[in-house]
Amino acid sequence: MLGFAAVGLVAYAVDLLLFTYLRGPAALGPLTAKALAFVVACTVAYAGNALGTYRHTRPSGLRPYAAFFAVNVAGAAVQLLCLAVSHYGLGFTSQRADILSGAGIGMALATVLRFWGTRTWVFRTEGRFGSWTG
């Protein structure tokens, strides 16, 4: 679990730094910058998990990366859903409430989902539910 967390922190830093650069000096729009930063950070996280945390599973091909990307998109959706429910559904519209719901509660729930999804669907080991057979 510590390896997964360490890789996640590195990927988060890559996402934040690249987004900041793309929004600032590169002058890209916020959605384009965030989408590009997300894809790069997701790739960094996949490489870190494949070469480090889950190196013993040795997945190959594009299928594991596609599954990893899908799990991360689901995690991002959880964060956005928490933010949307808090901001628009419950009416908590302050910046502090947005940070707490999106980056706090949303990130915690998304991390649990990502950890489970990564172990279950991406870097499967023999004998565990859904293990790779080929």
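Above: the structure in question.
What you are looking at is a predicted structure, and each value in this text was computed from that prediction instead of being measured. (Residues numbered from 1 in each chain as written. Predicted model: local features only at pLDDT ≥ 70, side-chain atom pairs only at ≥ 80, totals over all residues. Heavy atoms only, no water.)

A few words on the packing of aromatic side chains. The final tally for this structure, using the stated rule, is nine aromatic pairs. Joined through ring pairs, the aromatic side chains of F38, Y46, Y54, Y65, F68, F69 and F123 make up one cluster. K34 extends its terminal NZ or CZ atom over the ring of F19, reaching a point 5.7 Å from the ring centre. (Phe/Tyr/Trp six-rings, centres within 6.5 Å; stacked < 30°, edge-to-face > 60°. Lys NZ or Arg CZ within 6 Å of the ring centre and 35° of its normal.)

Here we take up the packing of helix α2 (residues 30–53) against helix α3 (residues 62–89). Two elements in contact, α2 and α3, have axes whose closest approach is 10 Å; the angle formed by their N-to-C orientations is 125°. On the basis of the axis angle, α2 is oblique to α3. For α2 against α3, the interelement crossing comes out right-handed. In contact with F38, V39, C42, T43, A45, Y46 and N49 of α2, α3 contributes P64, Y65, F68, F69, N72, V73 and A76. Among the residues forming the contact of α2 with α3, the class breakdown is eleven nonpolar, three polar and no charged. (Axes fitted to C-alpha atoms, helices over the stretch in contact; angles between N-to-C directions. Helix = DSSP H or I, 4+ residues; strand = E, 2+ residues; numbered from the N terminus. Parallel < 35°, antiparallel > 145°, perpendicular 65-115°, else oblique. Left-handed = near helix turned anticlockwise from the far one by under 90°. Contact = heavy atoms within 4.5 Å. Nonpolar A, V, L, I, M, F, W, Y, C, P; charged D, E, K, R; others polar.)

What follows concerns the pattern of salt bridges. The tally for this structure, following the rule as stated, stands at one salt bridge. Among the salt bridges present, the one from D15 reaches K34, with a minimum N-O distance of 2.5 Å. Of this pair, D15 sits in helix α1 (residues 2–23) while K34 is found in helix α2, placing the two residues 19 residues apart along the sequence. Judged by its relative accessible area of 11%, D15 is buried. (Salt bridge = Lys/Arg side-chain N within 4 Å of Asp/Glu carboxyl O. Buried < 20%, exposed > 50% of the residue type's maximum accessible area, 1.4 Å probe, protein only.)

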